[in-house]
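Fold and geometry: a report
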Amino acid sequence: MENKERVVFVDYIRVIACFLVMLVHASENFYGVVTQKAIDSIPGGAEKLAGFATNTGGMAGDKAVLLNEANRFWVAFFDGGVARTCVPLFMVVSAFLLVPMKPGVTMGQFYKRRFLRILPPMIIFMVLYSLLPALWGAQSMEESWELLKTIPFNFPGNAGHLWFMYPLISLYLIIPVVSPWLERASAKDELIFIGLFVASTFIPWLHTFGIDELWGECFWNRYSMLWYCSGYLGYLVVAHYIRFHLKWERNKRLTIGGLCFLVGAAFTAWSFWWKGVPLEPIATPQLEWAWEFCTPNVLLATYGLFLLFSCIEQKKAPKAITGISKLTFGMYLMHIFFLAPIAAWVVNDNAADPRFPVYIAIPVIAIATYICCVVTTKIISLIPGSKWVIG
């Protein structure tokens, strides 16, 4: 997109949402990474956490434990309350800019343009995450080979953040299909679909609290009654509705957007705090029961925050904002390479007693990672052909 076509508030969203991704992953070091040193530093920790499988991978695994009340509160605040909207914001931005498709653009042309931008960098970084850790001794070449073998089927196990690429690809795949409908649909038609999408966001809660199979789900059928109205397609329609049908003046967007974000973010933070009792191991999906990106609270917070950003009335963003916005895809791809060692230094092998208080440690990890990514991605962008690496 050329500068003359840039949407200023979207550039701000990209810059902030990219930082929020790093804030999420910085927070994971304080409930998903538990070392023996941390356990031994807590009075009675060895007894209370006997048999707990520690995770030192830098990101949350399938089991979690919070080591004290400070970690409980600040992870809930930063990861749940502040940053949980990061992924849906990127989805909404993509839909806001790409739907409906430009007149005369065919499905093949759309796919060629979008996938040539994202697939080569995605594959390159999958290979890098599989191979590079072996160079500094973090894994063996045999482990690297095992990671490489997963690439045709899924993201490498040490690059969990790349899960996002697959929903993004699915969104791009469906845009040419739904774009003609959105061009013809009335505001009322879109609201009907959005209502069905909102209903579908309660499904993760119902699954968590004991209803394993809903509305046709069973071991031979994964596709429930609301399957085709659920997921990130819902955010796509929300983005289109906001762009073409929501005609609120700025003050109304500020008021309603602020309230929606605060209510959604507060619930998201509380949900983690409620489940995260210190020194009580818990399955991570149970701890993060309201943190899935297609849940009512995250949808509400995302909707509110997007409305707040849409109130930005600058005709042109500062050069720094525009410049970083163009780099955010590459920053997202590479950030774990920086975040893992930075977090390891800050946490100092003990999430119960890091080098800084946890309310400082989490943003420090995220800010340092962000700066490293901006600098590195900018340098790469100066190299001819860099678009194949960083998009």
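Higher on the page you've got the structure.
In what follows, the accompanying structure is described. Nothing here was measured: the structure is a model prediction, and the numbers come from that model.

Some thoughts on the overall build of the protein chain
Along the backbone of the protein chain there are 17 helices and 2 strands. Relative to its length of 391 residues, the protein chain is compact, with a C-alpha radius of gyration of 21 Å against a globular reference of 21 Å. Principal-axis analysis of the C-alpha atoms places the extent of the protein chain at approximately 65 × 50 × 45 Å. Across the 391 residues of the protein chain, 51% fall into the buried class. Here the analysis covers contacts within the protein chain between residues at least 6 apart in sequence; of these, 81% occur between residues at least 24 apart.

Observations regarding the pattern of salt bridges
Taken as a whole and judged by the stated rule, the model has 6 salt bridges. We note a salt bridge from R6 to D11, for which the minimum N-O separation is 2.7 Å. As far as burial versus exposure is concerned, R6 and D11 are alike and both buried. A salt bridge links R14 to D11, with the shortest nitrogen-to-oxygen separation between them at 4.0 Å. With a gap of 3 residues between them, R14 and D11 both fall in helix α1 (residues 8-27), about one helical turn apart. Several salt bridges share partner residues, and in doing so they unite R6, D11 and R14 into one network.

Concerning the packing of aromatic side chains
Inspection of the entire model under this criterion finds 40 aromatic pairs. Ring geometry for Y232 and Y235: centres 6.3 Å apart, planes at 25°, overall stacked. Residue Y232 and its partner Y235 are located together in helix α11 (residues 232-244), separated by 3 residues, close to a single helical turn. Among the residues examined, Y232 registers a relative accessible area of 16% and is labelled buried. Three or more aromatic residues joined by ring pairs make a cluster, and in this case those are F202, W205, F209, F267, W270, W274 and W289. It is R72 that lies over the ring of W273; its NZ or CZ is 3.9 Å from the centre. Directly above the ring of W274 sits K275, whose terminal nitrogen or CZ lies 4.9 Å from the centroid.

Side note on the nonpolar core
F30, L67, M165, Y235, L236, F306 and M331 are the most contacted members of the largest nonpolar core, which has 117 residues in total. Beyond its immediate sequence surroundings of up to four residues, Y235 is in contact with P88, M91, V92, F197, F293, C294, V298, L299 and T302.

Concerning a positive patch on the surface
A cluster of like positive charges, contributed by K316, K319, K326 and K378, occupies part of the molecular surface. With respect to the secondary-structure elements, K326 resides in helix α15 (residues 319-347).

Concerning the packing of helix α9 (residues 187-200) against α11
One can describe the packing of α9 onto α11 by two numbers: an axis separation of 10 Å at closest approach and a directional angle of 150°. Considering the relative orientation of α9 and α11, their crossing is left-handed. Contacts between α9 and α11 pair A187, E190, L191, F193, I194 and F197 from the former with L233, G234, Y235, V237, V238, H240 and Y241 from the latter.

Details of the side chain of S271
Mapped onto the fold, S271 is located in helix α12 (residues 250-275). At a separation of 2.7 Å, a polar atom in the side chain of S271 contacts the main-chain carbonyl oxygen of T268.

Considering the layout of surface pockets
Here the second largest pocket defines a volume of roughly 890 Å³. At the level of elements, α8 (165-184), α9, α10 (203-208) and α11 are the ones that each hand at least two residues to the lining of the second largest pocket. A total of 7 residues in the lining of the second largest pocket trace back to one element, the largest contributor, which is α8. Considered class by class, the residues forming the lining of the second largest pocket number 16 nonpolar, 8 polar and 3 charged.

Remarks on the packing of helix α5 (residues 86-98) against α8
Interaxial distance between α5 and α8 falls to 11 Å at its minimum, and their mutual angle equals 20°. The angle between the axes of α5 and α8 places the two elements in the roughly parallel class. Relative to α8, the crossing made by α5 is right-handed. Here M91, S94 and L98 of α5 lie close against α8, whose contacting residues are P167, L168, L171, Y172 and I175. Taken together, the residues of the contact of α5 with α8 break down into 7 nonpolar, 1 polar and no charged.

A few points about the environment of G80
Position of G80 relative to the elements: it lies in helix α4 (residues 69-82). Note: C-alpha distance between G80 and A269 (189 residues apart in sequence) is 4.5 Å. Those residues in contact with G80 that lie beyond four places of it in its chain are V75, A265, T268, A269 and W291.

Things to note about the side chain of S94
With respect to the element layout, S94 can be found in helix α5. Owing to a relative accessible area of 14%, S94 belongs among the buried residues under this scheme. If sequence neighbours within four positions are ignored, S94 has contacts with L168 and Y172.

Conventions we followed
- Residues numbered from 1 in each chain as written.
- Predicted model: local features only at pLDDT ≥ 70, side-chain atom pairs only at ≥ 80, totals over all residues.
- Heavy atoms only, no water.
- Helix = DSSP H or I, 4+ residues; strand = E, 2+ residues; numbered from the N terminus.
- Rg over C-alpha atoms; globule rule 2.2 N^0.38 Å.
- Buried < 20%, exposed > 50% of the residue type's maximum accessible area, 1.4 Å probe, protein only.
- Contact = heavy atoms within 4.5 Å.
- Salt bridge = Lys/Arg side-chain N within 4 Å of Asp/Glu carboxyl O.
- Phe/Tyr/Trp six-rings, centres within 6.5 Å; stacked < 30°, edge-to-face > 60°.
- Lys NZ or Arg CZ within 6 Å of the ring centre and 35° of its normal.
- Core = buried A, V, L, I, M, F, W, Y, C linked by side-chain atoms within 4.5 Å.
- Patch = residues over 30% accessible without salt bridge, like charges linked within 9 Å, V, L, I, M, F, W, Y side chains within 5 Å.
- Areas by Shrake-Rupley, 256 points an atom, 1.4 Å probe, with all protein chains shown as cover.
- Lys, Arg positive; Asp, Glu negative; His and termini not counted.
- Charge placed at Lys NZ, Arg CZ, Asp CG, Glu CD.
- Axes fitted to C-alpha atoms, helices over the stretch in contact; angles between N-to-C directions.
- Left-handed = near helix turned anticlockwise from the far one by under 90°.
- Polar contact = N/O pair within 3.5 Å; in protein donor to acceptor, adjacent residues only side chain to side chain.
- 1 Å grid on protein atoms, 1.4 Å probe; cavity = no way out; pocket = protein on both sides within 12 Å on 5 of 7 lines; lining within 4 Å.
- Points joined across faces, edges and corners; volume = space filled by probe spheres on them.
- Nonpolar A, V, L, I, M, F, W, Y, C, P; charged D, E, K, R; others polar.
- Parallel < 35°, antiparallel > 145°, perpendicular 65-115°, else oblique.

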